[in-house]
Amino acid sequence: MLSRPKLLEIDIVRAIAIIAVLVIHGTSGATQLPLGTSSQAVFFILNKANLFTVPLFIWISGVVLFYTYYDRWEPGMSRLFWTKRLRRILIPYVLWSIFYYLYNQFMFHGKISFDAMYVIKLLLSGNASYHLYYMVIIVQFYLLFPLLITAARKSPWVRQGLIPLGIGMQAAAYSIHHWVHPLPEYASLFLSYSALFAFGAFVGIHYAAIVAWSNRHKSWIWSIMCLAGITFVGMLLLHQYGLAFIENTWFELSLLVYCITIPLCCIQWARQRLASGSQLGTALSALGAASFGIYLVHPAILTLWDLIAPAQEQLWLYDLHTVASILIGLLGSWLLVRLYASAQRKGSAN
């Protein structure tokens, strides 16, 4: 069968997600400023409002995989799929994990040692750097994908029930982890994000219909997204200032609603940018296409920036340093990715 046309808007959604990653990592230190300062409140709100980013990337993976393979999937394709996808992600993951294991030692301690068993533990947990746990989650979904898409193709019940099945699995895992017994490496477990991946899978299968439906209900979707986001961040603020004690499940529920509605809003906005032919849309498409490389390299740039230009005690200088961290992390990483891509093209030409 012929492949479906490429979803150009997905690169813009990836750009939104990678910008959110840099906002979170760039403002992480500023959230620890003294309570009561306007800077702390602003950076705290920015940091927490962008927590949709990992769920959004996982949703994108679900969309792209099911959109690409659903109409032409055969069980015999499993081995080829695993070989192709895991090679693309496992090799970079191992190499970058080793890089950060050595790089962080040198940057923070000025010396390097190598413990093979410790490196293996880091690889299994995704803890070689604070951002690499995402790779562990994606590998799990890649391993499960052939089973999921085969079940969806063979069973109408599974195909139509992907969203409730995903939410049910995530709710069950959370319930066990929260009320029964903590699950090991819960943050890196695919069950923690099954609702978003299943939602992405459903959208990937019924993409045109879902886009049409979301356009008809645009005002409702945006309203629910804003309300859920404000509720989530608002509860965090109340908790931070000791004004209310809120059980963790309410945070999880509001964040889930926020993360489920944001992808539809992002798709609508991205399609509008493409339709308008704006330079912003073009720039974001290029940024989104480079998002994987930016994701891999940006912590190294942020660490180097913090060592070259440490944050100052004066509040306005600290604010300036925080904003610069976001911009330097994003633009510096993007520049390195572009230089690497250019060098690859020249190497291929030769």
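What about the environment of I18?
With respect to the element layout, I18 can be found in helix α1 (residues 9-27). Under the relative-accessibility criterion, I18 is labelled buried at 0%. Distance in space between the C-alpha atoms of I18 and I149 is 27 Å, their sequence separation being 131 residues. Discounting chain neighbours no more than four positions away, the residues touching I18 are F57, L287, S291, I294 and Y295.

Concerning helix α14 (residues 291-308)
A rise of 1.5 Å per residue sets the reference length of α14, with its 18 residues, at 26 Å; its end C-alpha atoms lie 25 Å apart and thus fit the reference within 8%. The largest bend along α14 measures about 40° and falls at V297, with the proline P299 one to four residues further on. Buried within α14 are the following residues: S291, I294, Y295, L296, V297, H298, P299, A300, I301, L302, T303 and W305.

Some words on the side chain of Q170
Its place among the elements puts Q170 in helix α8 (residues 162-180). When sequence neighbours within four positions are dropped, the list of residues in contact with Q170 reads L191, S192, Y193, S194, A195, L196 and L256.

Considerations on the pattern of salt bridges
Throughout the structure, instances matching the rule amount to four salt bridges. The salt bridge involving R14 is made with D11; its shortest N-O contact spans 2.8 Å. In this pair, R14 and D11 are both assigned in helix α1, three residues apart and thus about one turn of the helix distant. One continuous salt-bridge network, built from bridges that share partners, spans K6, D11 and R14.

Some thoughts on the packing of aromatic side chains
How two aromatic rings sit relative to each other is set out by the distance from centre to centre and by the angle between their planes. A full pass over the atoms with the stated rule returns 25 aromatic pairs. For the pair F52 and Y258, a centre-to-centre distance of 6.1 Å together with 90° between the ring planes defines the contact as edge-to-face. Here F52, found in the loop between α2 (38-49) and α3 (53-69), pairs with Y258, found in helix α12 (residues 248-276); they are 206 residues apart in sequence, far enough to count as distant. Each of the two residues, F52 as well as Y258, counts as buried. Here the aromatic rings of F66 and F145 are separated by 5.2 Å at their centres, their planes lie at 85°, and the arrangement is edge-to-face. Highlighted residues: F66 in helix α3 and F145 in helix α6 (residues 133-154), separated in sequence by 79 residues.

Conventions we followed
- Residues numbered from 1 in each chain as written.
- Predicted model: local features only at pLDDT ≥ 70, side-chain atom pairs only at ≥ 80, totals over all residues.
- Heavy atoms only, no water.
- Helix = DSSP H or I, 4+ residues; strand = E, 2+ residues; numbered from the N terminus.
- Buried < 20%, exposed > 50% of the residue type's maximum accessible area, 1.4 Å probe, protein only.
- Contact = heavy atoms within 4.5 Å.
- Expected span 1.5 Å × (residues − 1).
- Bend = angle between axes of the 7 residues up to and from the residue.
- Salt bridge = Lys/Arg side-chain N within 4 Å of Asp/Glu carboxyl O.
- Phe/Tyr/Trp six-rings, centres within 6.5 Å; stacked < 30°, edge-to-face > 60°.

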